[in-house]
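Read off the chains here:
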Amino acid sequence: MSIVNARDILLEASKGKYAVGAFNVIDLIQLEGVVDAAVDRKSPVIIQTSVKPSKFLGADVPVSIYRTIAASAPVPICLHLDHCTEVAYCKKCADAGYTNIMIDASKQPFDGNISQTREVAQYSHKVGRISVEGELGTVGGVEDQIKVAEDEAQLANPNQAVEYVEATGVDIFAPAIGTAHGVYKTKNPRIDFERLGEINRRLNGKGVKTPLVVHGGTGLPEDYIKRLIEMGVAKFNVSTELKRTRIDATYEYIAANRDEYEPGQVDVAVRDATRKAVVHWIQMLGSSGKA
Ligand SMILES: [Zn+2]
């Protein structure tokens, strides 16, 4: 039961009014930090890789590490491919053993987004118990190879959201509501809560069918996070914070131990700092004790 797809844990989260964190990692050390935090807090968790680190390692490598660690972990863990714009690479990762795939065709015209998303959903569902995430509208900021200027970010239209989810067969859905990747430039980012509420009512008003996802978790104020969970969000993506944690922990360790040449100790510092950051998120999202 430790190797799971995202749909299963997010349906539970939606019903229980908590959310599950989805944390971007690029290697084994960060992955261990995330899993340590989830085990410590008895929380379900989603590990995710962007396309770049997935291609750098080769899709089979993150999958092998994930499957080895998750198989013996006492909490449910999903491995998610984040923001993949290429249908072929989505399929490759489904074949390799990722358990959730995000096809990001949100920059395509509406019809193109539907057809690409549907192709990945149908393929992934045929391969096995793999869930699929789709996005409508665009999240501001920078994610991996995708750049969107904040002023051109377009929010998801509630009518189109229903049509998109029904036509594509996606399991979980990320509507753009004003969150951004990277670091927020203001203390109070403009988030369209009403839009999210409307989309959730239309999709899940008669019982949760399609759990909702919010991208750009790093830097969102805690009261916003709580309100979004209350309104139906079941998954928060956290990438930038773990990148910063990794770089800062590495820099701080080396600066304090400049004469030591034990790379393993740098890894310990990164793993422990990652665990701490993820424990904090798990507490904010209310998923402690839900595994
Ligand atoms: Zn994202």
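Residues numbered from 1 in each chain as written. Predicted model: local features only at pLDDT ≥ 70, side-chain atom pairs only at ≥ 80, totals over all residues. Heavy atoms only, no water.

Asker: So what exactly am I meant to see when it comes to the overall build of the protein chain here?
Answerer: When you go through the protein chain residue by residue, the secondary structure sums to 11 helices and 10 strands. For the protein chain, the C-alpha radius of gyration of 18 Å lies close to 19 Å, the compact-globule estimate for 291 residues. For the protein chain, the spread of C-alpha atoms along the three principal axes comes to 60 × 40 × 35 Å. Burial statistics for the protein chain: of 291 residues in total, 55% are counted as buried. Counted over contacts in the protein chain with a minimum sequence separation of 6, partners at least 24 positions apart contribute 73%. (Helix = DSSP H or I, 4+ residues; strand = E, 2+ residues; numbered from the N terminus. Rg over C-alpha atoms; globule rule 2.2 N^0.38 Å. Buried < 20%, exposed > 50% of the residue type's maximum accessible area, 1.4 Å probe, protein only. Contact = heavy atoms within 4.5 Å.)

Asker: For this particular structure, what's the right way to read the packing of aromatic side chains?
Answerer: The way to describe two aromatic rings as a pair is by their centre distance and the angle between their planes. Counting across every chain of the model gives 2 aromatic pairs. Ring geometry for phenylalanine 193 and tyrosine 224: centres 5.4 Å apart, planes at 80 degrees, overall edge-to-face. One end of the pair, phenylalanine 193, is in helix α8 (residues 193–204); the other, tyrosine 224, is in helix α9 (residues 222–230), with 31 residues separating them in the sequence. Classification of phenylalanine 193 as buried rests on a relative accessible area of 6%. A cation over an aromatic ring shows up here: lysine 55 above the ring of tyrosine 89, its NZ or CZ 5.0 Å from the ring centre. Above the face of the phenylalanine 193 ring, arginine 227 is positioned so that its terminal group lies 3.9 Å from the ring centre. (Phe/Tyr/Trp six-rings, centres within 6.5 Å; stacked < 30°, edge-to-face > 60°. Lys NZ or Arg CZ within 6 Å of the ring centre and 35° of its normal.)

Asker: Just checking my understanding: could you explain the packing of helix α10 (residues 240–256) against helix α11 (residues 263–285) for this structure?
Answerer: When two helices pack together, their arrangement is given by the angle between their axes and by how far apart the axes lie. One can describe the packing of α10 onto α11 by two numbers: an axis separation of 9 Å at closest approach and a directional angle of 140 degrees. Taken together, the axes of α10 and α11 lie oblique to each other. Handedness of the α10/α11 crossing: right-handed. Packed against α10, whose contacting residues are Glu241, Leu242, Thr245, Arg246, Ala249, Thr250, Tyr253 and Ile254, the element α11 presents Gln265, Val266, Ala269, Val270, Ala273, Thr274, Ala277, Val278 and Trp281 at the interface. Split by residue class, the contact of α10 with α11 holds 11 nonpolar, 4 polar and 2 charged. (Axes fitted to C-alpha atoms, helices over the stretch in contact; angles between N-to-C directions. Parallel < 35°, antiparallel > 145°, perpendicular 65-115°, else oblique. Left-handed = near helix turned anticlockwise from the far one by under 90°. Nonpolar A, V, L, I, M, F, W, Y, C, P; charged D, E, K, R; others polar.)

Asker: Honestly, the coordination of the zinc ion in this entry has me stumped. Any pointers?
Answerer: For a metal bound by four donors in tetrahedral geometry, the ideal donor-metal-donor angle is 109.5 degrees, whereas six donors in octahedral geometry ideally sit at 90 or 180 degrees. Distances from the zinc ion to its protein donors, His83 (NE2), His181 (NE2) and His215 (ND1), fall within 2.0 to 2.1 Å. Every donor residue of the zinc ion comes from the same chain, spaced as H-x97-H-x33-H. One end of the pair, histidine 83, is in strand β3 (residues 77–84); the other, histidine 181, is in the loop between β8 (172–175) and α8, with 98 residues separating them in the sequence. Of the two residues, histidine 83 and histidine 181, neither departs from the other in class, the shared state being buried. (Donors = N, O, S within 2.8 Å, 3.2 Å for Na, K, Ca; no water.)

Asker: What exactly am I supposed to notice about the environment of serine 287 here?
Answerer: The topology assignment puts serine 287 in the segment after α11. Note: C-alpha distance between serine 287 and alanine 13 (274 residues apart in sequence) is 7.9 Å. Residue contacts for serine 287: discarding those within four places in its chain leaves Tyr18, Ala19, Lys42, Ser43, Pro44 and Ile282.

Asker: Would you mind showing me how to read the pattern of salt bridges here?
Answerer: A side chain of one charge can pair with a side chain of the opposite charge if their charged atoms are brought near each other. Enumeration over the complete set of coordinates arrives at 15 salt bridges. For glutamate 133, the salt bridge identified is with lysine 235, shortest N-O distance 2.6 Å. Here the residue glutamate 133 occupies a position in strand β5 (residues 131–136), and lysine 235 occupies one in strand β10 (residues 233–238), the gap between them amounting to 102 residues. Residue arginine 227 is joined to glutamate 194 by a salt bridge in which the shortest nitrogen-to-oxygen separation is 3.7 Å. (Salt bridge = Lys/Arg side-chain N within 4 Å of Asp/Glu carboxyl O.)

Asker: How should α8 be read in this particular structure?
Answerer: An α-helix turns once per 3.6 residues; consequently, residues spaced three or four apart project the same way. Here α8 spans 16 Å end to end across 12 residues, near enough to the 16 Å set by a 1.5 Å rise per residue. Those residues of α8 that sit buried are Phe193, Leu196, Gly197, Ile199, Asn200, Leu203 and Asn204. Along the long axis of α8, the arc covered by the buried residues comes to 165 degrees, so they all point the same way. In this structure, α8 carries Glu194 and Arg201 as exposed residues pointing more than 90 degrees from its buried face. Where the residues of α8 are buried, they touch α7 (158–168), β8, β9 (212–214), α9 and β10. (Expected span 1.5 Å × (residues − 1). Arc of directions from axis to C-beta.)

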